[in-house]
Amino acid sequence: MAILGVALKVHFLKNKQVVVGMAFSLIFVLLVVGELRFSHEVAALRRDIARLREEQALSELEINHTASEVKAYKNALSELSRYLMRVLEDEVSFYSNVESALARNGINVAEIHPAGAGGGVVAVRVNFAGNYSSALQTIADWRRMDGVARLRSLVLLSGEEGTTRGTAVLEAVLKR
């Protein structure tokens, strides 16, 4: 009986060692698997961090570019505000300025009539004929006339005996 008791103790001790060994092996395997999973998650997070840093750098470049455009726009506005621009009171003064520049330079007016324009803008279409240098001087006078005006279109054609024919459309802004 004593032998049986010793055999059971030895057998029980061996089973206990096997169970403890298996438990340690299982814990080791779980730690290795957990470390591998954790390292994969860390690698994915590092890739995300690198991508986000790249996006941040691109966003900062865009912000800097936009800020420089805003600064240039503000500088242009301040530059433009230094120029005094006279806005015409009515259509009559605009038509008068256009016609007086034509008459002053000896340009023959074939036709003059209003052209289509948007709100707050008046436009005139002028068909004319005359000397080429006089036509150029008329255009220069239109640029210098009172009030803000724009030469929307201009067609110059050679006419008979050294004359120039042309059609011009001028626009001006009116006070509202």
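Residues numbered from 1 in each chain as written. Predicted model: local features only at pLDDT ≥ 70, side-chain atom pairs only at ≥ 80, totals over all residues. Heavy atoms only, no water.

Right, let's get into helix α3 (residues 132-144). Counted at 1.5 Å a residue, the expected span for α3 with its 13 residues is 18 Å, and the 19 Å between its end C-alpha atoms agrees. Along α3, the residues that are buried comprise S134, A135, T138, I139, D141 and W142. Axial view of α3: buried residues confined to an arc of 160°, hence all on one face. When the buried face of α3 is taken as reference, the exposed residues oriented beyond 90 degrees from it are R143 and R144. Looking at the buried residues of α3, the elements they touch are α2 (91-104), β2 (121-131), β3 (149-158) and β4 (163-173). For α3, the side-chain oxygen to backbone nitrogen distance between the N-cap and S133 is 2.9 Å, and the N-cap itself is N131. (Helix = DSSP H or I, 4+ residues; strand = E, 2+ residues; numbered from the N terminus. Expected span 1.5 Å × (residues − 1). Buried < 20%, exposed > 50% of the residue type's maximum accessible area, 1.4 Å probe, protein only. Arc of directions from axis to C-beta. Contact = heavy atoms within 4.5 Å. Polar contact = N/O pair within 3.5 Å; in protein donor to acceptor, adjacent residues only side chain to side chain.)

Note on sheets: strands pair through backbone hydrogen bonds, and any given pair is parallel or antiparallel. Spatially, the 4 strands line up as an open sheet ordered β1-β2-β4-β3, and their pairing is antiparallel. Edge strands, defined here as strands with exactly one partner in the open sheet, are β1 (108-115) and β3. Recorded for the sheet is a direction-independent mean angle of 15° between the axes of neighbouring strands. Taken together, the 11 bridges between β2 and β4 define a ladder with antiparallel strand orientation. Along β4, the bridge assignment pairs A129 with R165. On top of the sheet, α2 reaches β1, β2, β3 and β4; it is set at about 15° to β2, its chief contact. Across the sheet, α3 touches β2, β3 and β4, and the angle it forms with β2 is around 160°. (Pairing = 2+ DSSP bridges. Axes fitted to C-alpha atoms, helices over the stretch in contact; angles between N-to-C directions.)

So, about the packing of α2 against α3. With their axes 9 Å apart at the nearest point, α2 and α3 run at an angle of 150° to one another. Crossing geometry of α2 relative to α3 is assigned as right-handed. Where α2 abuts α3, its residues V98, A101, L102 and R104 lie against T138, D141 and W142. When the residues that make up the contact of α2 with α3 are grouped by side-chain class, the tally is 4 nonpolar, 1 polar and 2 charged. (Left-handed = near helix turned anticlockwise from the far one by under 90°. Nonpolar A, V, L, I, M, F, W, Y, C, P; charged D, E, K, R; others polar.)

Moving on, we get to the pattern of salt bridges. Evaluated as defined, the whole model comprises 7 salt bridges. Between R51 and D48 there is a salt bridge, with the nearest N and O atoms lying 3.9 Å from each other. You can see R51 and its partner D48 sitting in helix α1 (residues 2-81), 3 residues apart, about one turn around the helix. Looking at R51, the relative accessible area reads 42%, which means it is partly exposed. (Salt bridge = Lys/Arg side-chain N within 4 Å of Asp/Glu carboxyl O.)

Moving on: the packing of aromatic side chains. Aromatic ring pairs are defined here through the distance separating the ring centres and the angle between the ring planes. Evaluation of the coordinates by the stated rule reveals 2 aromatic pairs. Ring geometry for F94 against Y95: centres 5.9 Å apart, planes inclined by 45°, an arrangement best described as tilted. Take F94: its relative accessible area is 0%, and that puts it in the buried class. Each ring, one from F128 and one from W142, has its centre 6.4 Å from the other, and the planes form 80°; the classification is edge-to-face. Of this pair, F128 sits in strand β2 while W142 sits in helix α3, placing them 14 residues apart in sequence. Side by side, F128 and W142 carry an identical accessibility label, which is buried. (Phe/Tyr/Trp six-rings, centres within 6.5 Å; stacked < 30°, edge-to-face > 60°.)

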